[in-house]
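Listed below, chain by chain, are the residues.
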Amino acid sequence: MKAGWEAVIGLEVHAQLNTQSKIFCACSTAFGQAPNENTCPVCLGLPGALPVLNRQVIVCAGKAALALGLRINPRSIFARKNYFYPDLPKGYQISQYDRPFSEQGQVEILTSERDEGGRAIEWQRKRFGITRAHIEEDAGKSVHDIGHPEKTHIDLNRAGTPLLEIVSDPDFRTSWEAYDYVSFLRRTLQYVGVCDGNMEEGNLRCDANVSVRPRGELALGTKVEIKNVNSLRFLQKAIDYEIDRQITVRETGGVIVQETRLWSERENRTYTMRSKEDAHDYRYFPDPDLPPLEVSEDWIARTRASLPELPEARRQRFLDDYGMGADEAGTLTAQRELANYFETAAAAAGNPRAAANWILTELLRELRAIGREIDSSPVAPEDLGALIRLIDDGTISGKMAKEVLGEMVATGETPAQIVERKGLVQISDTAAIETIIDRLLAANPREVEAYRGGKTSLLGFFVGQAMKATQGKANPKAVNELLRKKL
Ligand SMILES: [Zn+2]
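Cut-off values and rules
- Residues numbered from 1 in each chain as written.
- Predicted model: local features only at pLDDT ≥ 70, side-chain atom pairs only at ≥ 80, totals over all residues.
- Heavy atoms only, no water.
- Salt bridge = Lys/Arg side-chain N within 4 Å of Asp/Glu carboxyl O.
- Helix = DSSP H or I, 4+ residues; strand = E, 2+ residues; numbered from the N terminus.
- Buried < 20%, exposed > 50% of the residue type's maximum accessible area, 1.4 Å probe, protein only.
- Axes fitted to C-alpha atoms, helices over the stretch in contact; angles between N-to-C directions.
- Left-handed = near helix turned anticlockwise from the far one by under 90°.
- Contact = heavy atoms within 4.5 Å.
- Nonpolar A, V, L, I, M, F, W, Y, C, P; charged D, E, K, R; others polar.
- Core = buried A, V, L, I, M, F, W, Y, C linked by side-chain atoms within 4.5 Å.

## Points about the pattern of salt bridges
Under the criterion given, the structure shown has 34 salt bridges. A salt bridge links Glu-251 to Lys-2, with the shortest nitrogen-to-oxygen separation between them at 2.6 Å. One end of the pair, Glu-251, is in helix H4 (residues 232-251); the other, Lys-2, is in the segment before strand E1 (5-16), with 249 residues separating them in the sequence. Residue classification places Lys-2 among the partly exposed positions, given a relative accessible area of 46%. Linking Glu-108 and Arg-127 is a salt bridge whose minimum nitrogen-to-oxygen distance equals 3.3 Å. In this pair, Glu-108 sits in strand E6 (residues 102-111) while Arg-127 sits in strand E7 (residues 124-137), placing the two residues 19 residues apart along the sequence. Exposure remark for Glu-108: the relative accessible area of 34% places this residue in the partly exposed category.

See the structure below:
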């Protein structure tokens, strides 16, 4: 950022809650159905149809709010947010306004600026406030450019899908803080199982409010909203672009206009979408069709008790218990399934360090190659643990183990079955290796003489020959030791 300036960034994240049915009717929330298949009089907004709140939405919202350190209000109110849009047939969206489901949260996360190559420079713990998280319904979708270029189609399958809108305090000063915060939110919501967090598919959407001010000034500059950014990286780039743009406008005597802008990934810039409405333009009022939502202290306590270990706590535990580096622990806890996989494999192997290495270097690469995620890995974590045991007890070498892992991915067999079938057992029998080495030394007298004359780099040559003579089955450690002794 240009010297003398400071950016102020606030973030609004819309998380689609994982429920089978919509928020106010029994229609399915399944993705990918034929247009308007999942609709009924309630979500079509037909006159006289009445909404009934889905209990599961409150269960999901409760878990999310508590995981993000928010206070759940014992009583919250559903309100109508009035605006006209073709994909909103009722003419209003049911949301929450002055009495939201939850408010006053705070999260402490690891964040870092990045260098040119995107690598973290220095991880620091920072606190960011969350103003509120309220429950609302999603609108439908306008679909352009299918068949009739001059027409717009309306698909209301998404209308009435439950959302949690999480509004942060304007606490972020850089695009990377915003990036780390949204990435933290996504991870947390995935961990507690309330949102898939897929930004590309739109079940996690993020809008950023960005303004700039001269460093040291307290008054806020005019803010611009950036909407509909569908990946974390684009969000970061869009914020950076917007900060630079606003500083340039201000420095050249221009004025920032309050507006909504969109990010163009093709042109790497933001552009104007529309001038922004103020809250009073929506004429919010309590929805007369829905009673106030009341939750008991007891329900809140039970929901809190049902939460799993959260990602930040787990990352810290991995650092403390397994002696990992911050990046390693971060990667292994980024997904709950991956962290679970690691812990099962580490226990089965009796060697957490090796389990972490094998997962991060070999297994994830193998899975990428076959387009699988960790939760559909053909290699069970217990089997990866068994493979590591075979290396540790000297049955097979690390090199053989890579070959065995490849077979495990392809066939789903256990390492013991593959080792047996392929006759891969490592030769650790000293007598057998000695015989091979004696033969080798006899066959290469000139190299032996050179080695003894001081050319010790030839050791590698002898090791290579011994491994070749045993088709890679000799225990490399034993080969090295015996060679040194004999030479
Ligand atoms: Zn419906």
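## Looking at the packing of helix H9 (residues 352-369) against helix H10 (residues 381-392)
Closest axis-to-axis distance for the H9/H10 pair is 10 Å, and the angle between their directions is 115 degrees. Crossing geometry of H9 relative to H10 is assigned as right-handed. Residues Ala-354, Ala-355, Trp-358 and Ile-359 of H9 form the contact with H10, whose own contacting residues are Leu-384, Leu-387, Ile-388 and Ile-391. Across the contact of H9 with H10, the residue classes break down as eight nonpolar, no polar and no charged.

## Things to note about the nonpolar core
Judged by nonpolar contacts, the single largest core of 69 residues is most densely connected at Leu-11, Phe-101, Ile-135, Ile-166, Tyr-181, Val-182 and Ile-239. Per-element tally for this core: the top contributor is helix H2 (residues 55-67), with eight residues. Listed in part, the 37 residues of the second largest apolar core include Ala-329, Trp-358, Ala-401 and Val-419.

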